[in-house]
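Spelled out, the chains give:
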Amino acid sequence: RAQMIRGYLSTPGNTPPELNSRPSTVKEAVEKAVRFYGMLQTSDGHWAGDYGGPHFLLPGMIIVWYVLGQPPQMINAAQAKLMTQYTVLRRPPS
């Protein structure tokens, strides 16, 4: 994301949305949002971004598993151990 924003701002005439003001109307809020997402849009029209893969999907799956009463047919003990190991090994340094 930072790379896309730097590229956007390096183009003459492109300015970032005002960060120190709060929109007072819906129209101003939408314009500010469009300007922000415009900074992230690539030249071919898509919005590039990081896809966290398991780190993105795993929390939702764990929440559903827990809410459903931790059914072993959804995640068995061996899978739970592997998920824990993966998460610990791949976490970003803090």
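Since we're looking at a predicted model, the values are computed, not measured. (Residues numbered from 1 in each chain as written. Predicted model: local features only at pLDDT ≥ 70, side-chain atom pairs only at ≥ 80, totals over all residues. Heavy atoms only, no water.)

All right, on to a nonpolar patch on the surface then. A surface patch of nonpolar side chains, amounting to about 300 Å² of accessible area, comprises Val26, Val30 and Val34. In this fold, Val30 is placed in helix H2 (residues 26-40). When its relative accessible area of 47% is taken as the criterion, Val30 is described as partly exposed. (Patch = residues over 30% accessible without salt bridge, like charges linked within 9 Å, V, L, I, M, F, W, Y side chains within 5 Å. Areas by Shrake-Rupley, 256 points an atom, 1.4 Å probe, with all protein chains shown as cover. Salt bridge = Lys/Arg side-chain N within 4 Å of Asp/Glu carboxyl O. Helix = DSSP H or I, 4+ residues; strand = E, 2+ residues; numbered from the N terminus. Buried < 20%, exposed > 50% of the residue type's maximum accessible area, 1.4 Å probe, protein only.)

Take the packing of helix H1 (residues 2-10) against H2 next. Interaxial distance between H1 and H2 falls to 7 Å at its minimum, and their mutual angle equals 105 degrees. The orientation of H1 relative to H2 falls into the category roughly perpendicular. In contact with Met4, Ile5, Tyr8 and Leu9 of H1, H2 contributes Arg35, Gly38, Met39 and Leu40. (Axes fitted to C-alpha atoms, helices over the stretch in contact; angles between N-to-C directions. Parallel < 35°, antiparallel > 145°, perpendicular 65-115°, else oblique. Contact = heavy atoms within 4.5 Å.)

A few words on the packing of helix H3 (residues 54-67) against helix H4 (residues 77-90). Direction vectors running N to C along H3 and H4 enclose 140 degrees, while the axes themselves pass 12 Å from each other. Considering their axes alone, H3 and H4 lie oblique with respect to each other. Regarding H3 and H4, the two cross each other, and that crossing is left-handed. Across from Pro54, His55, Leu58, Met61 and Ile62 in H3, the residues of H4 making contact are Met83, Tyr86, Thr87 and Arg90. Here the residues of the contact of H3 with H4 are counted per class, giving six nonpolar, two polar and one charged. (Left-handed = near helix turned anticlockwise from the far one by under 90°. Nonpolar A, V, L, I, M, F, W, Y, C, P; charged D, E, K, R; others polar.)

As for its position among the elements, Thr42 is in the loop between H2 and H3. Looking at Thr42, the relative accessible area reads 15%, which means it is buried. There is a polar contact of 2.5 Å between the side chain of Thr42 and the side chain of Asp44. In this structure, Thr42 is in contact with Met4 and Ala48, ignoring residues within four places of it in sequence. (Polar contact = N/O pair within 3.5 Å; in protein donor to acceptor, adjacent residues only side chain to side chain.)

The predicted coordinates ought not to be read in detail in places where the model reports low pLDDT. When pLDDT is averaged across the protein chain, the result is 84; 95% of the residues are at 70 or more. For the protein chain, per-element mean pLDDT is lowest for H1, which scores 83, and highest for H2, which scores 88. (pLDDT = per-residue confidence, 0-100.)

Positive phi, close to 55 degrees, is recorded for Gln70, a residue that is not glycine. By the secondary structure assignment, Gln70 is in the loop between H3 and H4. For Gln70, a relative accessible area of 37% translates into the label partly exposed.

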